[in-house]
Amino acid sequence: MWNCPYSNDYFAKFAEDFENEDASPTFSMLSEAACSHGITIVGGSVPESSDGQLYNTSCVFGPDGKLKAKHRKIHLFDIEIPGDITFKESDFFAAGDKPTIVDTDVGRIGIGICHDIRFPELAALYRAKGAPIICYPGAFNISTGELLWEVMQRARAADNQLFVASCSPSRDSSDSYAIWGHSTLVGPSGEIIATSGHEETVVVAEIDYSKIELQR
């Protein structure tokens, strides 16, 4: 949810109907960026409006700027920790109903969003379908992030002996939802290849798919 404050008060306000590109500035910007640089972009996630429903959606664009796939978050995040945090995504979003695998110039990619990473069955399906990498944009909060964010990425990578790449927003301490951050790339043995803190930054790393077969 990087194009708006991470708050239930803003999701509907910033939601875009991807079928109407003229009224979807985030969608158009990602498309233009992919095309102008000749790259594949997994565009994090943004609120999508479709048929009267809101979805937490990640779009994948090819080097020609065209939409190759979109993943609607399957597992919605509801949490209530007394004295700490209460957040119910299901109050505002509808859940996606299918996994997303997309063939790109850099290989087959499985897509999940945030809480989807908690479910090993989804990652196992992506491995079975031949994806060497799974991308999980996500915004774990401070409580769940410190406890689980790195552990989940390393577990999904080691479980399936593939790469896991995550991208998190940096932390805005003034917001009501404090984000853990720590964008990370994990290798097929569960090793951390590259990571970050919670501040705004860029993470750059190379992926060698031959390590997958070596590990397996």
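Everything here concerns the structure above.
To start, this report covers the structure provided alongside it. (Residues numbered from 1 in each chain as written. Predicted model: local features only at pLDDT ≥ 70, side-chain atom pairs only at ≥ 80, totals over all residues. Heavy atoms only, no water.)

Section: the side chain of Thr57
Within the secondary structure layout, Thr57 lies in strand 3 (residues 53-61). Take Thr57: its relative accessible area is 0%, and that puts it in the buried class. Within the structure, Thr57 has its side chain in polar contact with the side chain of Glu48 (distance 2.7 Å). Among all residues touching Thr57, those that are not within four sequence positions of it are Phe18, Gly44, Ser45, Val46, Glu48, Lys70, His71, Arg72 and Ile113. (Helix = DSSP H or I, 4+ residues; strand = E, 2+ residues; numbered from the N terminus. Buried < 20%, exposed > 50% of the residue type's maximum accessible area, 1.4 Å probe, protein only. Polar contact = N/O pair within 3.5 Å; in protein donor to acceptor, adjacent residues only side chain to side chain. Contact = heavy atoms within 4.5 Å.)

Things to note about helix 3 (residues 120-128)
Listed in full, the buried residues belonging to helix 3 are Leu122, Ala123 and Tyr126. Each buried residue of helix 3 lies within a common arc of 95 degrees when the element is viewed along its axis, so the set occupies one face. Opposite its buried face, helix 3 presents the exposed residues Glu121 and Ala128, each directed more than 90 degrees away. Of the surrounding secondary structure, the elements contacted by the buried residues of helix 3 are strand 4 (67-72), strand 7 (100-104), strand 8 (107-111), strand 9 (133-137) and helix 4 (142-160). Looking one or two residues past helix 3, Gly130 carries a phi angle of roughly 90 degrees, positive in sign. (Arc of directions from axis to C-beta.)

Comments concerning the state of the cysteines
Going through the model one piece at a time under the given rule, you end up with zero disulfides. The thiol sulfur of Cys35 is not disulfide-bonded, and the nearest other cysteine sulfur, from Cys59, lies at 16 Å. The closest cysteine sulfur to the non-disulfide-bonded Cys59 is located on Cys135, 14 Å from its own sulfur. Judged by relative accessible area, which is 4%, Cys59 ranks as buried. (Disulfide = S-S within 2.5 Å.)

Describing the pairing of strand 4
Relative to strand 4, strand 3 runs antiparallel, the two being bridged by five bridges. Following the sheet pairing, Ser58 is matched in strand 4 by His71. Linkage of strand 3 to strand 4, two consecutive antiparallel strands, is achieved through a turn of five residues, within which Gly65 is found at a positive phi near 85 degrees. (Pairing = 2+ DSSP bridges.)

So, the nonpolar core
In terms of nonpolar packing, the biggest core is built from 30 residues, with Ile109, Ile134, Tyr136, Phe140 and Val164 touching the most fellow members. When residues of this core are traced back to their parent elements, those giving at least two are strand 8, helix 3, strand 9, helix 4, strand 10 (163-167) and strand 11 (184-186). Setting aside its immediate chain neighbours within four residues, Tyr136 contacts Gly112, Ile113, Asp116, Ile117, Ala123, Trp149, Arg156, Val164, Ala165, Ser166 and Cys167. Met1, Phe77, Ile85 and Ala139 belong to the second largest nonpolar core, which has 14 residues in total. (Core = buried A, V, L, I, M, F, W, Y, C linked by side-chain atoms within 4.5 Å.)

Describing the packing of helix 3 against helix 4
Contact geometry of helix 3 with helix 4 gives a least axis separation of 10 Å together with a crossing angle of 40 degrees. Classified by the interaxial angle, the pair formed by helix 3 and helix 4 is oblique. Note on packing geometry: the crossing formed by helix 3 with helix 4 is right-handed. Across from Pro120, Ala123, Ala124 and Arg127 in helix 3, the residues of helix 4 making contact are Arg156, Asp159 and Asn160. (Axes fitted to C-alpha atoms, helices over the stretch in contact; angles between N-to-C directions. Parallel < 35°, antiparallel > 145°, perpendicular 65-115°, else oblique. Left-handed = near helix turned anticlockwise from the far one by under 90°.)

Notes on the pattern of salt bridges
If you walk through the whole model with that rule in mind, you get six salt bridges. Here the residues in one salt-bridge network are Glu48, Lys70 and Arg72, joined through shared partners. (Salt bridge = Lys/Arg side-chain N within 4 Å of Asp/Glu carboxyl O.)

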